[in-house]
Amino acid sequence: MSYLRKILAIVWKDIVAELRTKEMFSAMFVFSILVIVIFNFAFDLRVSGERVRAVAPGALWVAFAFSGILGLNRAFVMEKDRGCLEGLLLAPVDHTAIYFGKMLSTILFMLIVEAFMLPVFTAFFGVNLFDLRLLLIVVLGTVGFAAVGTILSAMTAQTRAREVLLPILLLPVAAPVLIAAVKATAGVLDGLTMAEIARWLQLLVAFAVIFPAAAFMTFDFVVKE
Amino acid sequence: MERTDKREPLLIALTALSGVMVLVALYLALLGAPDANLQSETGRYAQRIIYFHIATAWVGFLAFFVTFVAGIGFLRTQNRAWDIVALSSAEIGTVFMLGVLVSGSIWARPAWGVWWVWDERLTISLIQFLIYVGYLMLRSSVEDPSRRARFAAVYGVVAFISVPINFIAIRMWRTQHPLMFGTEEGGLGPNMMFAFFFSLITFTVWYVTLMWHRIRLERLRDDLEALKQELVG
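In this text, all values refer to a predicted model and were calculated from it rather than measured experimentally.

A. Focus on the nonpolar core. Residues A:I137 and B:Y155 are the most contacted members of the largest nonpolar core, which totals 144 residues. Once residues within four sequence positions are removed from consideration, B:Y155 is found in contact with A:L152, A:M155, A:I168, A:L169, A:P172, A:V173, B:I131, B:G134, B:Y135, B:L138 and B:F160. The next biggest cluster of nonpolar side chains, apart from the first, holds 6 residues, and it includes B:A46, B:W107, B:A108 and B:L122.

B. Layout of empty space enclosed by the protein. Residues and elements named next belong to chain A. Applying the stated criterion to the full structure yields 3 cavities of 30 Å³ or more. When its volume is computed, the largest cavity comes out at roughly 60 Å³. As for the largest cavity, its lining consists of D14, A17, E18, T21, E23, M24, M78, R82 and F109. Elements with a contribution of two residues or more to the lining of the largest cavity: α1 (3-21) and α2 (23-43). Per element, the largest residue contribution to the lining of the largest cavity is 4 residues, and it comes from α1. Class assignment of the residues belonging to the lining of the largest cavity gives a composition of 4 nonpolar, 1 polar and 4 charged. Here the second largest cavity is characterised by a volume of approximately 40 Å³. Lining of the second largest cavity is provided by W61, F64, A65, M110, G141, T142, F145, V177 and L178. Taken together, the elements giving at least two residues each to the lining of the second largest cavity come down to α3 (50-81), α6 (132-156) and α7 (165-189). A breakdown of the residues in the lining of the second largest cavity according to their chemical character gives 7 nonpolar, 2 polar and no charged.

C. How the structure looks around α6(A). All names here are of chain A. The terminal C-alpha atoms of α6 lie 35 Å apart, and with 25 residues this matches the ideal 36 Å at 1.5 Å per residue to within 8%. At T150, α6 shows its maximal kink, close to 30°. Its side-chain oxygen at 2.8 Å from the backbone nitrogen of R133, D131 defines the N-terminal cap of α6.

D. The arrangement of the packing of α3(A) against α6(A) in detail. Residue and element names in this part refer to chain A. For the pair α3 and α6, the least separation of the axes is 9 Å and the interaxial angle reads 35°. With respect to the hand of their crossing, α3 and α6 are arranged in right-handed fashion. Across from W61, F64, A65, G68, I69, L72, N73 and F76 in α3, the residues of α6 making contact are I137, V138, G141, T142, F145, A146, G149, T150, S153, A154 and T156. Across the contact of α3 with α6, the residue classes break down as 11 nonpolar, 8 polar and no charged.

E. Geometry of the layout of surface pockets. What the largest pocket holds in volume is close to 840 Å³. If you go around the largest pocket, you meet 33 residues; those closest to its centre are A:A175, A:L178, A:I179, A:V182 and B:W173. Of all elements in the fold, only α3, α7 and α8 (194-223) of chain A together with α6 (120-140) and α7 (145-175) of chain B reach the threshold of two or more residues within the lining of the largest pocket. Grouping the constituent residues of the lining of the largest pocket by class yields 24 nonpolar, 4 polar and 5 charged.

Analysis parameters
- Residues numbered from 1 in each chain as written.
- Chains lettered and ligands numbered in written order.
- Predicted model: local features only at pLDDT ≥ 70, side-chain atom pairs only at ≥ 80, totals over all residues.
- Heavy atoms only, no water.
- Core = buried A, V, L, I, M, F, W, Y, C linked by side-chain atoms within 4.5 Å.
- Buried < 20%, exposed > 50% of the residue type's maximum accessible area, 1.4 Å probe, protein only.
- Contact = heavy atoms within 4.5 Å.
- 1 Å grid on protein atoms, 1.4 Å probe; cavity = no way out; pocket = protein on both sides within 12 Å on 5 of 7 lines; lining within 4 Å.
- Points joined across faces, edges and corners; volume = space filled by probe spheres on them.
- Helix = DSSP H or I, 4+ residues; strand = E, 2+ residues; numbered from the N terminus.
- Nonpolar A, V, L, I, M, F, W, Y, C, P; charged D, E, K, R; others polar.
- Expected span 1.5 Å × (residues − 1).
- Bend = angle between axes of the 7 residues up to and from the residue.
- Polar contact = N/O pair within 3.5 Å; in protein donor to acceptor, adjacent residues only side chain to side chain.
- Axes fitted to C-alpha atoms, helices over the stretch in contact; angles between N-to-C directions.
- Left-handed = near helix turned anticlockwise from the far one by under 90°.

What follows is the structure, encoded as structure tokens:
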């Protein structure tokens, strides 16, 4: 079995598990909506006001990031609780294949939730989020966030504090993703050209390349006994 | 246990040296250095915090670099000595980073009229501090020593890589807005330069001293643990 097939086997396993339980998607989706509701209360957003334009990119990415953290937490805690992590590690695959498999399935779940969130967001706040550039930003931001989140989640799942620890470790490290994604999203909403938001996209690309590479080199130390 | 005894006098001397150097640096910063070319009296007094503030920031970031290098050292060798260095440096760095935030705020109040602005350097310092806190929380949340060391090393490496990216991102984020306040140093005079670099060296020596103490403490703890195990059997 090639390396890629091994990765896809892990992704497929996660998809099947999710299709049978649906616990991850429902939790992430409902939580994202709740974040939007809370934002609405906190900033008293009114439809199509100037305020919405100012707050919308931030609210959108906070919802994505927080629901992403929920998903990331489940990714490894689920394996750990059911004693499946040991099984995964015993499988005759390079440990980094587990990292990439978990990263891809997290990206997939996050993207599905985000795909559902964009129309909801558009309806709630009256800003048009249907834009191809925005799609690119969402994908790049999600990849970067999940890349660094997956390795940290693999660690925190094996600690005493578990779910509590992941956001504390992840958010300062993933801050550049959030900054760049929020800025690029704001740029799209403000009608800036591609050239004007290019530097934010470059930052997202750089992040999405550097962190999988760093995780690739260190993941073995996180899972070995 | 014997290994620390031989170098004990050297450690005491170094401790005394850093104590004296801190006092001299304090004198230079408060009295020795000439007044800054500022209008308000409060401003001139407040400006003197810069000597300690920047030196503290330097140690704060240096300590994280040491944690990063020691983390790589640990991952390559699995040697406990590297882990002790990483832990010691992270703990000292946390304290210094907190010092940066506090001394910065004390200075910002008279200089800018506010305790805090989301300026690039302040923001990166705060994120750096939070990374340190996360690092220590991660350590305290893992019981098995070898796993703790591995996790801490991995986080040290991953977080260190994120610092320059964070800095670039925050810098780009800030340049979108007009700079609210000018940069703080309008050029330091020769006498100010001396006080400035003296503080920088002093704080570096101080850092080395603290590192030595902290590493020694951790080794003694290890020895004590080993003795306990021996006694219990």
